[in-house]
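This is what each chain is made of:
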Amino acid sequence: MKPKEIIARRVARELRAGNVVNLGIGIPTLVANYLPENMDVELHSENGFIGLGPVPQEGHEDADVINAGGQHVTINTGGAFFDSAMSFAIIRGGHLDITVLGALEVDEQGNLANWMVPGKLVPGMGGAMDLTVGARKVIVAMEHNAKNGSAKILKKCRLPLTARKEVDLIITEKAVIEVTEEGLVLKEVAPGFTVEDVRNATEAELIVSSELKEMAV
Amino acid sequence: MGKLTTIDWVLNRVHDETVLMIGGFLGVGTPDSLIDGIVKKGVKNLTIIANDTCYPGMGIGKLVVNKQVKKLIVSHIGTNSETGRQMTAGEIEVELAPQGTLAERIRAGGAGLGGVLTPTGLGTVVAEGKKTIIANGKEFLLELPLRAQVALIKAYKADTRGNLLFRSSSRNFNPLMAAAADYVVAEVEHFVPEGDISPNEVMTPGIFVDNIILQEVYDNAVEVGKGGA
(Lines give C-alpha, C1' and ligand atoms only; values in the text may rest on other atoms or scores of the structure.)
Protein backbone atom coordinates (compact mmCIF):
# COMPACT_ATOMS: atom_id res chain seq x y z
CA MET A 1 0.00 0.00 0.00
CA LYS A 2 1.30 3.48 -0.84
CA PRO A 3 1.96 5.85 2.09
CA LYS A 4 -0.83 8.19 0.94
CA GLU A 5 -3.36 5.34 0.93
CA ILE A 6 -2.27 4.17 4.39
CA ILE A 7 -2.73 7.70 5.75
CA ALA A 8 -6.12 8.24 4.09
CA ARG A 9 -7.41 4.85 5.31
CA ARG A 10 -6.36 5.58 8.88
CA VAL A 11 -7.90 9.07 8.86
CA ALA A 12 -11.18 7.58 7.59
CA ARG A 13 -11.37 5.54 10.83
CA GLU A 14 -11.56 8.78 12.84
CA LEU A 15 -14.82 9.86 11.19
CA ARG A 16 -18.18 9.05 12.77
CA ALA A 17 -21.71 8.98 11.39
CA GLY A 18 -23.26 12.44 11.53
CA ASN A 19 -19.92 14.28 11.56
CA VAL A 20 -19.61 17.45 9.48
CA VAL A 21 -16.15 17.22 7.92
CA ASN A 22 -13.96 19.35 5.68
CA LEU A 23 -11.25 17.55 3.72
CA GLY A 24 -8.32 19.66 2.51
CA ILE A 25 -6.50 19.36 -0.79
CA GLY A 26 -4.12 16.43 -1.43
CA ILE A 27 -4.02 13.40 0.89
CA PRO A 28 -7.08 14.63 2.88
CA THR A 29 -9.22 14.54 -0.28
CA LEU A 30 -8.44 10.80 -0.61
CA VAL A 31 -10.08 10.10 2.76
CA ALA A 32 -13.52 10.22 1.10
CA ASN A 33 -12.58 7.06 -0.87
CA TYR A 34 -12.20 4.99 2.32
CA LEU A 35 -15.29 5.88 4.32
CA PRO A 36 -17.34 2.83 5.31
CA GLU A 37 -20.18 2.29 2.85
CA ASN A 38 -23.45 3.98 3.86
CA MET A 39 -21.76 5.94 6.64
CA ASP A 40 -23.57 9.25 6.77
CA VAL A 41 -20.77 11.86 6.92
CA GLU A 42 -21.58 15.40 5.76
CA LEU A 43 -18.67 16.69 3.69
CA HIS A 44 -18.32 20.47 3.66
CA SER A 45 -16.77 22.33 0.73
CA GLU A 46 -15.59 25.79 1.79
CA ASN A 47 -16.48 27.43 -1.52
CA GLY A 48 -20.08 27.05 -0.45
CA PHE A 49 -21.89 23.77 0.09
CA ILE A 50 -22.52 20.80 2.27
CA GLY A 51 -23.12 17.32 0.85
CA LEU A 52 -20.01 17.09 -1.32
CA GLY A 53 -20.33 14.03 -3.52
CA PRO A 54 -17.96 12.08 -5.77
CA VAL A 55 -16.30 13.29 -8.96
CA PRO A 56 -18.86 13.05 -11.80
CA GLN A 57 -18.52 10.74 -14.78
CA GLU A 58 -16.87 12.32 -17.78
CA GLY A 59 -19.46 14.29 -19.72
CA HIS A 60 -21.67 14.76 -16.67
CA GLU A 61 -19.78 17.66 -15.10
CA ASP A 62 -21.70 20.74 -13.98
CA ALA A 63 -19.80 23.98 -14.61
CA ASP A 64 -21.08 25.55 -11.38
CA VAL A 65 -20.24 22.65 -9.06
CA ILE A 66 -16.58 22.60 -8.07
CA ASN A 67 -14.71 21.82 -4.86
CA ALA A 68 -12.24 24.15 -3.16
CA GLY A 69 -9.47 22.74 -5.35
CA GLY A 70 -11.32 23.73 -8.52
CA GLN A 71 -12.19 20.16 -9.54
CA HIS A 72 -15.64 19.29 -10.84
CA VAL A 73 -17.54 17.40 -8.19
CA THR A 74 -21.17 16.58 -7.38
CA ILE A 75 -23.58 17.45 -4.59
CA ASN A 76 -25.52 14.68 -2.88
CA THR A 77 -29.30 14.61 -2.54
CA GLY A 78 -30.13 16.58 0.59
CA GLY A 79 -27.11 18.85 0.22
CA ALA A 80 -27.22 22.64 0.34
CA PHE A 81 -25.43 25.56 -1.32
CA PHE A 82 -24.68 28.84 0.48
CA ASP A 83 -22.48 31.92 0.28
CA SER A 84 -18.93 32.31 1.58
CA ALA A 85 -19.94 34.08 4.81
CA MET A 86 -22.22 31.20 5.80
CA SER A 87 -19.59 28.68 4.72
CA PHE A 88 -17.11 30.20 7.16
CA ALA A 89 -19.78 30.67 9.84
CA ILE A 90 -20.08 26.87 9.72
CA ILE A 91 -16.29 26.57 10.02
CA ARG A 92 -15.66 29.21 12.69
CA GLY A 93 -18.91 28.89 14.59
CA GLY A 94 -18.28 25.42 15.98
CA HIS A 95 -20.48 23.61 13.44
CA LEU A 96 -17.63 21.72 11.76
CA ASP A 97 -16.69 18.58 13.69
CA ILE A 98 -13.46 17.71 11.91
CA THR A 99 -11.04 19.31 9.46
CA VAL A 100 -8.34 17.22 7.83
CA LEU A 101 -5.41 19.21 6.45
CA GLY A 102 -1.96 18.61 5.02
CA ALA A 103 1.08 20.23 6.65
CA LEU A 104 4.57 21.42 5.92
CA GLU A 105 5.42 21.44 9.64
CA VAL A 106 3.66 20.65 12.91
CA ASP A 107 5.17 20.92 16.38
CA GLU A 108 5.02 19.77 20.03
CA GLN A 109 2.50 22.46 20.96
CA GLY A 110 0.15 21.66 18.10
CA ASN A 111 1.23 24.65 16.03
CA LEU A 112 0.69 24.19 12.29
CA ALA A 113 2.52 25.63 9.28
CA ASN A 114 1.04 24.79 5.90
CA TRP A 115 0.53 27.94 3.86
CA MET A 116 3.85 29.46 2.80
CA VAL A 117 7.60 29.05 2.44
CA PRO A 118 9.09 32.57 2.52
CA GLY A 119 10.92 33.43 -0.69
CA LYS A 120 9.85 30.19 -2.38
CA LEU A 121 6.16 29.48 -2.28
CA VAL A 122 3.41 31.92 -1.31
CA PRO A 123 0.11 30.46 -2.48
CA GLY A 124 -1.88 32.17 0.28
CA MET A 125 -3.79 30.67 3.17
CA GLY A 126 -7.17 30.34 1.43
CA GLY A 127 -9.48 28.83 4.04
CA ALA A 128 -6.76 26.98 6.01
CA MET A 129 -6.43 29.49 8.89
CA ASP A 130 -10.19 29.58 9.52
CA LEU A 131 -10.47 25.79 9.26
CA THR A 132 -7.65 25.20 11.74
CA VAL A 133 -8.97 27.74 14.25
CA GLY A 134 -12.64 26.87 13.82
CA ALA A 135 -12.99 23.09 13.54
CA ARG A 136 -13.70 21.20 16.76
CA LYS A 137 -11.02 18.64 15.87
CA VAL A 138 -7.99 19.30 13.65
CA ILE A 139 -6.35 16.27 12.06
CA VAL A 140 -3.08 16.70 10.20
CA ALA A 141 -2.74 14.04 7.49
CA MET A 142 0.69 14.01 5.89
CA GLU A 143 3.71 11.89 5.01
CA HIS A 144 5.91 11.60 8.09
CA ASN A 145 8.94 13.24 6.44
CA ALA A 146 9.60 15.72 3.65
CA LYS A 147 10.73 14.45 0.22
CA ASN A 148 14.38 15.06 1.20
CA GLY A 149 13.87 12.99 4.36
CA SER A 150 13.89 15.91 6.80
CA ALA A 151 11.57 15.92 9.79
CA LYS A 152 8.18 17.64 9.58
CA ILE A 153 7.12 16.93 13.17
CA LEU A 154 9.32 19.43 14.99
CA LYS A 155 10.08 20.77 18.46
CA LYS A 156 8.98 24.17 17.16
CA CYS A 157 7.69 25.18 13.71
CA ARG A 158 10.15 27.26 11.70
CA LEU A 159 7.81 28.34 8.88
CA PRO A 160 5.15 31.04 9.32
CA LEU A 161 2.23 29.56 11.25
CA THR A 162 -1.24 28.85 9.94
CA ALA A 163 -2.57 28.72 13.50
CA ARG A 164 -1.18 28.26 17.00
CA LYS A 165 -1.95 25.30 19.28
CA GLU A 166 -4.89 23.99 17.29
CA VAL A 167 -3.76 20.55 16.02
CA ASP A 168 -5.29 17.58 17.86
CA LEU A 169 -4.06 14.53 15.96
CA ILE A 170 -1.24 13.78 13.49
CA ILE A 171 -1.65 10.79 11.18
CA THR A 172 1.23 9.67 8.94
CA GLU A 173 2.15 6.42 7.17
CA LYS A 174 4.32 5.57 10.18
CA ALA A 175 2.32 6.65 13.21
CA VAL A 176 -0.66 8.19 14.94
CA ILE A 177 0.38 10.96 17.34
CA GLU A 178 -1.89 12.88 19.69
CA VAL A 179 -1.17 16.45 20.76
CA THR A 180 -1.65 16.80 24.53
CA GLU A 181 -0.82 19.36 27.24
CA GLU A 182 2.18 17.17 28.16
CA GLY A 183 3.45 16.98 24.58
CA LEU A 184 3.15 14.61 21.64
CA VAL A 185 1.92 11.14 22.56
CA LEU A 186 2.72 8.26 20.24
CA LYS A 187 -0.48 6.21 20.19
CA GLU A 188 -0.02 3.90 17.22
CA VAL A 189 2.88 2.65 15.08
CA ALA A 190 2.24 1.33 11.59
CA PRO A 191 3.03 -2.31 10.72
CA GLY A 192 6.68 -2.68 9.64
CA PHE A 193 7.95 0.16 11.86
CA THR A 194 9.24 0.26 15.44
CA VAL A 195 8.97 3.03 18.03
CA GLU A 196 12.66 3.72 17.35
CA ASP A 197 11.98 4.09 13.59
CA VAL A 198 9.30 6.69 14.36
CA ARG A 199 11.56 8.51 16.85
CA ASN A 200 14.40 8.63 14.32
CA ALA A 201 12.06 10.17 11.73
CA THR A 202 10.75 12.78 14.19
CA GLU A 203 12.49 15.85 15.61
CA ALA A 204 9.93 16.44 18.37
CA GLU A 205 10.03 14.53 21.67
CA LEU A 206 7.57 11.64 21.66
CA ILE A 207 5.90 10.26 24.77
CA VAL A 208 5.08 6.58 24.15
CA SER A 209 1.51 5.87 25.20
CA SER A 210 1.01 3.14 27.82
CA GLU A 211 -1.64 1.81 25.44
CA LEU A 212 0.55 1.82 22.33
CA LYS A 213 -1.12 -0.10 19.50
CA GLU A 214 -0.34 -1.25 16.00
CA MET A 215 -1.88 1.22 13.54
CA ALA A 216 -4.95 -0.25 11.85
CA VAL A 217 -5.56 0.68 8.23
CA MET B 1 -36.15 46.72 -19.26
CA GLY B 2 -35.35 48.32 -15.91
CA LYS B 3 -31.75 47.84 -14.93
CA LEU B 4 -30.57 45.98 -18.03
CA THR B 5 -27.75 47.80 -19.79
CA THR B 6 -24.64 47.26 -21.93
CA ILE B 7 -21.09 46.37 -20.96
CA ASP B 8 -19.89 49.70 -22.42
CA TRP B 9 -22.28 51.61 -20.13
CA VAL B 10 -20.94 49.74 -17.09
CA LEU B 11 -17.34 50.36 -18.12
CA ASN B 12 -17.94 54.12 -17.93
CA ARG B 13 -17.59 53.58 -14.18
CA VAL B 14 -14.29 51.66 -14.37
CA HIS B 15 -11.19 53.85 -14.68
CA ASP B 16 -7.47 53.77 -13.86
CA GLU B 17 -7.15 53.37 -10.04
CA THR B 18 -10.73 52.09 -9.53
CA VAL B 19 -11.24 49.80 -6.52
CA LEU B 20 -13.20 46.76 -7.73
CA MET B 21 -14.78 43.76 -6.07
CA ILE B 22 -15.13 40.78 -8.41
CA GLY B 23 -17.10 37.66 -7.48
CA GLY B 24 -16.08 34.07 -8.02
CA PHE B 25 -14.11 31.15 -6.67
CA LEU B 26 -11.49 29.84 -9.12
CA GLY B 27 -13.55 31.33 -11.94
CA VAL B 28 -16.90 29.83 -10.93
CA GLY B 29 -19.28 32.71 -10.31
CA THR B 30 -17.04 35.26 -12.03
CA PRO B 31 -18.53 37.80 -14.51
CA ASP B 32 -16.37 36.86 -17.51
CA SER B 33 -17.97 39.23 -20.04
CA LEU B 34 -17.35 42.25 -17.81
CA ILE B 35 -13.74 41.16 -17.27
CA ASP B 36 -13.25 40.85 -21.04
CA GLY B 37 -14.64 44.39 -21.31
CA ILE B 38 -12.06 45.69 -18.80
CA VAL B 39 -9.27 43.89 -20.68
CA LYS B 40 -10.45 45.57 -23.91
CA LYS B 41 -10.73 48.98 -22.26
CA GLY B 42 -7.19 48.62 -20.94
CA VAL B 43 -7.57 50.62 -17.69
CA LYS B 44 -4.58 50.31 -15.33
CA ASN B 45 -3.65 50.35 -11.64
CA LEU B 46 -6.84 48.64 -10.50
CA THR B 47 -7.27 47.44 -6.94
CA ILE B 48 -9.12 44.12 -6.95
CA ILE B 49 -10.83 42.53 -3.97
CA ALA B 50 -11.66 38.91 -4.76
CA ASN B 51 -11.21 35.41 -3.38
CA ASP B 52 -8.40 34.45 -5.78
CA THR B 53 -6.80 35.31 -9.13
CA CYS B 54 -8.08 32.18 -10.92
CA TYR B 55 -5.74 30.76 -13.59
CA PRO B 56 -3.45 32.82 -15.89
CA GLY B 57 -5.76 32.99 -18.93
CA MET B 58 -9.09 32.82 -17.11
CA GLY B 59 -11.38 35.18 -15.23
CA ILE B 60 -9.57 37.62 -12.94
CA GLY B 61 -6.33 35.98 -14.09
CA LYS B 62 -6.67 37.83 -17.42
CA LEU B 63 -6.46 41.21 -15.67
CA VAL B 64 -3.28 40.13 -13.88
CA VAL B 65 -1.64 38.79 -17.04
CA ASN B 66 -2.59 42.02 -18.84
CA LYS B 67 -0.86 44.00 -16.06
CA GLN B 68 -3.94 46.05 -15.19
CA VAL B 69 -3.73 45.42 -11.45
CA LYS B 70 -1.83 47.48 -8.88
CA LYS B 71 -3.11 45.83 -5.72
CA LEU B 72 -4.91 42.63 -4.78
CA ILE B 73 -6.77 41.77 -1.60
CA VAL B 74 -7.32 38.01 -1.89
CA SER B 75 -7.12 34.77 0.09
CA HIS B 76 -5.23 32.67 -2.44
CA ILE B 77 -2.96 33.18 -5.47
CA GLY B 78 -1.50 29.67 -5.80
CA THR B 79 -3.39 28.80 -8.99
CA ASN B 80 -1.99 31.74 -10.95
CA SER B 81 1.79 31.64 -11.36
CA GLU B 82 1.77 35.07 -13.02
CA THR B 83 0.35 36.68 -9.84
CA GLY B 84 3.19 35.11 -7.85
CA ARG B 85 5.77 36.28 -10.39
CA GLN B 86 4.48 39.87 -10.37
CA MET B 87 4.37 39.86 -6.56
CA THR B 88 7.97 38.60 -6.26
CA ALA B 89 9.11 41.16 -8.86
CA GLY B 90 7.42 43.96 -6.89
CA GLU B 91 5.07 44.78 -9.76
CA ILE B 92 1.90 44.08 -7.81
CA GLU B 93 0.98 44.51 -4.15
CA VAL B 94 -0.76 41.49 -2.64
CA GLU B 95 -2.59 41.56 0.69
CA LEU B 96 -3.42 37.99 1.67
CA ALA B 97 -6.43 37.57 3.94
CA PRO B 98 -7.85 34.35 5.39
CA GLN B 99 -10.87 33.42 3.28
CA GLY B 100 -13.39 33.58 6.11
CA THR B 101 -11.97 36.90 7.26
CA LEU B 102 -12.17 38.27 3.72
CA ALA B 103 -15.82 37.21 3.46
CA GLU B 104 -16.71 38.84 6.79
CA ARG B 105 -14.79 42.04 6.01
CA ILE B 106 -16.82 42.39 2.82
CA ARG B 107 -20.03 41.55 4.67
CA ALA B 108 -19.17 44.17 7.33
CA GLY B 109 -18.52 46.72 4.58
CA GLY B 110 -21.99 46.14 3.21
CA ALA B 111 -23.72 45.87 6.57
CA GLY B 112 -22.55 49.12 8.14
CA LEU B 113 -20.40 47.41 10.77
CA GLY B 114 -17.18 48.96 12.04
CA GLY B 115 -15.21 45.74 11.88
CA VAL B 116 -15.13 42.04 12.60
CA LEU B 117 -13.73 40.25 15.66
CA THR B 118 -12.29 36.89 14.63
CA PRO B 119 -9.97 34.37 16.26
CA THR B 120 -8.56 33.51 12.82
CA GLY B 121 -4.99 34.72 12.30
CA LEU B 122 -4.05 35.17 15.98
CA GLY B 123 -0.42 34.23 16.52
CA THR B 124 0.35 34.44 12.78
CA VAL B 125 1.66 37.12 10.40
CA VAL B 126 -1.98 38.04 9.67
CA ALA B 127 -2.17 39.63 13.14
CA GLU B 128 0.85 41.89 12.58
CA GLY B 129 -0.06 45.55 13.01
CA LYS B 130 -3.65 44.74 13.96
CA LYS B 131 -5.45 45.37 17.21
CA THR B 132 -6.46 42.44 19.43
CA ILE B 133 -9.52 42.75 21.61
CA ILE B 134 -10.62 40.65 24.59
CA ALA B 135 -14.37 40.04 24.56
CA ASN B 136 -16.10 37.67 26.99
CA GLY B 137 -12.67 36.52 28.12
CA LYS B 138 -11.57 35.44 24.63
CA GLU B 139 -8.96 37.04 22.41
CA PHE B 140 -9.95 38.23 18.93
CA LEU B 141 -8.33 40.06 16.07
CA LEU B 142 -10.01 43.25 14.86
CA GLU B 143 -10.40 43.11 11.08
CA LEU B 144 -11.67 46.20 9.30
CA PRO B 145 -14.49 46.35 6.74
CA LEU B 146 -13.89 46.40 3.00
CA ARG B 147 -15.81 48.43 0.44
CA ALA B 148 -15.28 49.09 -3.26
CA GLN B 149 -16.25 51.73 -5.80
CA VAL B 150 -17.59 49.06 -8.15
CA ALA B 151 -18.66 45.44 -7.57
CA LEU B 152 -18.89 43.12 -10.56
CA ILE B 153 -20.80 40.01 -9.66
CA LYS B 154 -22.26 36.99 -11.43
CA ALA B 155 -25.74 35.55 -10.94
CA TYR B 156 -27.71 32.88 -12.74
CA LYS B 157 -30.92 34.84 -13.10
CA ALA B 158 -32.10 38.43 -12.61
CA ASP B 159 -35.44 40.13 -13.02
CA THR B 160 -36.08 43.69 -14.17
CA ARG B 161 -35.86 44.92 -10.56
CA GLY B 162 -32.41 43.36 -10.15
CA ASN B 163 -33.51 40.58 -7.82
CA LEU B 164 -30.92 37.82 -8.10
CA LEU B 165 -30.84 34.07 -7.95
CA PHE B 166 -27.48 32.31 -7.85
CA ARG B 167 -26.81 28.77 -8.98
CA SER B 168 -24.86 26.07 -7.10
CA SER B 169 -21.35 26.89 -5.94
CA SER B 170 -21.20 30.00 -8.14
CA ARG B 171 -22.84 31.94 -5.29
CA ASN B 172 -19.69 32.22 -3.09
CA PHE B 173 -18.71 35.90 -2.56
CA ASN B 174 -21.32 37.38 -4.93
CA PRO B 175 -24.18 38.15 -2.48
CA LEU B 176 -21.70 39.71 -0.02
CA MET B 177 -20.15 41.98 -2.65
CA ALA B 178 -23.59 43.08 -3.86
CA ALA B 179 -23.97 45.09 -0.64
CA ALA B 180 -20.43 46.42 -0.33
CA ALA B 181 -19.86 48.76 -3.30
CA ASP B 182 -21.09 52.16 -4.51
CA TYR B 183 -22.04 50.75 -7.92
CA VAL B 184 -23.08 47.12 -8.35
CA VAL B 185 -23.48 45.26 -11.63
CA ALA B 186 -24.63 41.68 -12.01
CA GLU B 187 -23.75 39.68 -15.11
CA VAL B 188 -26.47 37.08 -15.58
CA GLU B 189 -27.31 34.09 -17.76
CA HIS B 190 -31.04 34.74 -17.74
CA PHE B 191 -32.98 38.01 -17.57
CA VAL B 192 -36.65 37.61 -16.71
CA PRO B 193 -39.67 39.86 -16.11
CA GLU B 194 -40.54 41.04 -12.63
CA GLY B 195 -42.48 38.30 -10.86
CA ASP B 196 -40.74 35.40 -12.61
CA ILE B 197 -38.48 34.90 -9.61
CA SER B 198 -40.63 34.19 -6.57
CA PRO B 199 -39.95 36.50 -3.60
CA ASN B 200 -39.21 33.28 -1.70
CA GLU B 201 -36.39 32.41 -4.07
CA VAL B 202 -34.67 35.79 -4.29
CA MET B 203 -31.18 35.43 -2.80
CA THR B 204 -30.05 39.05 -3.23
CA PRO B 205 -32.76 41.75 -3.22
CA GLY B 206 -32.76 44.02 -6.25
CA ILE B 207 -32.20 47.16 -4.16
CA PHE B 208 -28.49 46.25 -4.02
CA VAL B 209 -28.14 45.93 -7.79
CA ASP B 210 -27.74 49.03 -10.00
CA ASN B 211 -27.38 47.38 -13.40
CA ILE B 212 -27.68 44.01 -15.10
CA ILE B 213 -25.83 42.81 -18.17
CA LEU B 214 -26.39 39.59 -20.07
CA GLN B 215 -23.49 37.18 -20.13
CA GLU B 216 -21.71 36.99 -23.49
CA VAL B 217 -18.68 34.83 -22.76
CA TYR B 218 -18.09 31.99 -20.37
CA ASP B 219 -14.55 31.09 -19.39
CA ASN B 220 -14.91 27.88 -17.47
CA ALA B 221 -11.98 25.56 -18.12
CA VAL B 222 -14.25 22.69 -19.09
CA GLU B 223 -17.16 23.10 -21.44
CA VAL B 224 -19.82 21.35 -19.47
CA GLY B 225 -23.53 21.22 -19.11
CA LYS B 226 -25.78 22.61 -16.44
CA GLY B 227 -28.46 20.53 -14.86
CA GLY B 228 -30.93 23.33 -14.20
CA ALA B 229 -31.04 25.56 -11.14
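Refer to the preceding data block for the structure.
Note that this is a predicted model, so its numbers are computed, not measured.

What to know about the pattern of salt bridges
All names here are of chain B.
- For the structure shown, the criterion picks out 25 salt bridges over all chains.
- Close ionic contact of Lys-130 with Glu-143 constitutes a salt bridge, the shortest N to O distance being 3.2 Å. Of this pair, Lys-130 sits in the loop between strand S5 (116-118) and strand S6 (132-135) while Glu-143 sits in strand S7 (residues 138-143), and the two are 13 residues apart along the sequence.
- According to the relative accessible area criterion, Lys-130 is partly exposed, its value standing at 32%.

Focus: the interface of chain B and chain A
- With 45 residues of chain B in contact, the opposing surface of chain A contributes 35 residues.
- Here chain B and chain A share an interface that buries about 3,100 Å² over both sides, 60% of which is from carbon and sulfur atoms.
- At the junction of chain B with chain A, the criterion picks out three salt bridges.
- A salt bridge links B:Arg167 to A:Asp64, with the shortest nitrogen-to-oxygen separation between them at 2.9 Å.
- Across the contact surface, chain B and chain A share 17 residue pairs in polar contact (both at pLDDT 80 or more).

Overview of the pairing of strand S10 (residues 181-192) of chain B
Residues and elements named next belong to chain B.
- Counted residue by residue, S10 has nine buried out of 12 residues, so it is predominantly covered.
- Judged from the 10 bridges that link them, strand S8 (residues 148-159) and S10 form a sheet pairing that is parallel. When the bridges of S10 are listed, Leu-152 appears paired with Val-185.
- As defined by bridge partners, S10 adjoins strand S11 (residues 211-214) across four bridges and the pair is classed as parallel. Across the sheet, the residue bridging to Val-185 is Asn-211, located in S11.

A few points about the environment of A:Val20
Residue and element names in this part refer to chain A.
- Positionally, Val-20 belongs in strand S1 (residues 20-23).
- Sequence separation of Val-20 and Ala-135 is 115 residues, and the distance between their C-alpha atoms is 9.6 Å.
- In contact with Val-20, other than residues within four places in its own chain, are Glu-42, His-44, Ile-50, His-95, Leu-96, Asp-97 and Ile-98.

What to know about the nonpolar core
- Ranked by size, the top nonpolar core spans 36 residues in total, and within it B:Val14, B:Leu20, B:Ile38, B:Ile48 and B:Leu152 carry the most contacts.
- In this view, B:Ile38 contacts B:Leu11, B:Val14, B:Leu20, B:Val43, B:Leu46, B:Leu63, B:Gln68 and B:Leu152; residues no more than four positions away in its chain are not counted.
- Among the nonpolar cores identified, the runner-up in size contains 29 residues, and A:Ile91, A:Ala135, A:Val198 and A:Ala204 belong to it.

Here we look at the pairing of S8(B)
Residue and element names in this part refer to chain B.
- Extensive coverage of S8 is indicated by the burial of 10 of its 12 residues.
- Here strand S1 (residues 19-22) pairs with S8 via three bridges, running parallel. What sits directly across from Leu-20, in S8, is Val-150.
- Inspection of the sheet shows S8 paired to strand S9 (residues 164-165) by two bridges, in the antiparallel sense. Bridged to Lys-157 within S9 is Leu-165.
- Connecting S8 to the antiparallel partner S9 that follows it, the hairpin turn spans four residues, and Gly-162 within it adopts a positive phi of roughly 90 degrees.

Structural notes on unusual backbone geometry
Residues and elements named next belong to chain B.
- Even without being glycine, Asn-45 reaches a positive phi, approximately 55 degrees.
- One can find Asn-45 in the loop between helix H2 (32-41) and strand S2 (46-49).
- Here Asn-45 falls in the partly exposed class, since its relative accessible area comes to 34%.
- Residues other than glycine seldom take positive phi values, yet Lys-67 does so here, at roughly 55 degrees.
- Mapped onto the elements of the fold, Lys-67 is located in the loop between helix H3 (60-65) and strand S3 (69-74).
- Note on Lys-67: relative accessible area 46%, which makes it partly exposed.

Some points on the side chain of B:Asp52
Residues and elements named next belong to chain B.
- Secondary-structure assignment places Asp-52 in the loop between S2 and H3.
- Among buried charged residues, Asp-52 stands out as having no salt bridge; its nearest opposite-charge side chain is Lys-62, 13 Å away.
- Separated by 2.9 Å, the side chains of Asp-52 and Asn-51 make a polar contact.
- Polar side-chain contacts of Asp-52 include one of 2.7 Å to the backbone nitrogen of Cys-54.
- Apart from the residues lying within four places of it in its own chain, the contact partners of Asp-52 are Gly-24, Phe-25, Leu-26, Gly-27, Ile-60, Val-74 and His-76.

A word on the packing of aromatic side chains
- Across all of its chains, the model carries one aromatic pair over all chains by this definition.
- When the ring of A:Phe49 is compared with that of A:Phe81, the centres are 5.3 Å apart and the planes differ by 55 degrees; the resulting orientation is tilted. You can see A:Phe49 sitting in strand S3 (residues 49-53) and its partner A:Phe81 sitting in strand S4 (residues 74-81), a full 32 residues away along the chain.
- Residue A:Phe81 is classed as partly exposed on the basis of its relative accessible area, which comes to 22%.
- Note that B:Arg13 overlies the ring of B:Tyr183, its terminal NZ or CZ placed 4.2 Å from the centroid.
- Over the ring of B:Tyr156 we find B:Arg167; its NZ or CZ atom is 5.9 Å from the centre of that ring.

A look at the environment of B:Thr118
- Here B:Thr118 lies in strand S5.
- Look at B:Thr118 and you get buried, because its relative accessible area is 2%.
- For B:Thr118, the residues in contact, after removing those within four places along its chain, are A:Arg92, B:Thr101, B:Phe140, B:Leu141 and B:Glu143.
- A polar contact is formed between the side chain of B:Thr118 and the backbone nitrogen of B:Thr120, at a distance of 3.1 Å.

Points about the sheet that holds S5(B)
All names here are of chain B.
- Spatial ordering of the open sheet is given by S5-S7-S6, a layout of three strands whose pairing is antiparallel. Looking at the sheet topology across the chains shown, the edges are occupied by S5 and S6. Between one strand axis and the next, the sheet turns through 45 degrees on average, direction left out of account.
- Note that S5 and S7 share three bridges and pair antiparallel. Looking across to S7, one finds that Val-116 is bridged to Glu-143.

Cut-offs used in this document
- Residues numbered from 1 in each chain as written.
- Chains lettered and ligands numbered in written order.
- Predicted model: local features only at pLDDT ≥ 70, side-chain atom pairs only at ≥ 80, totals over all residues.
- Heavy atoms only, no water.
- Salt bridge = Lys/Arg side-chain N within 4 Å of Asp/Glu carboxyl O.
- Helix = DSSP H or I, 4+ residues; strand = E, 2+ residues; numbered from the N terminus.
- Buried < 20%, exposed > 50% of the residue type's maximum accessible area, 1.4 Å probe, protein only.
- Contact = heavy atoms within 4.5 Å.
- Buried area = accessible area lost by both parts, 1.4 Å probe.
- Polar contact = N/O pair within 3.5 Å; in protein donor to acceptor, adjacent residues only side chain to side chain.
- Pairing = 2+ DSSP bridges.
- Core = buried A, V, L, I, M, F, W, Y, C linked by side-chain atoms within 4.5 Å.
- Lys, Arg positive; Asp, Glu negative; His and termini not counted.
- Phe/Tyr/Trp six-rings, centres within 6.5 Å; stacked < 30°, edge-to-face > 60°.
- Lys NZ or Arg CZ within 6 Å of the ring centre and 35° of its normal.
- Axes fitted to C-alpha atoms, helices over the stretch in contact; angles between N-to-C directions.

Purely geometric stuff here, so don't read any function into it on its own.
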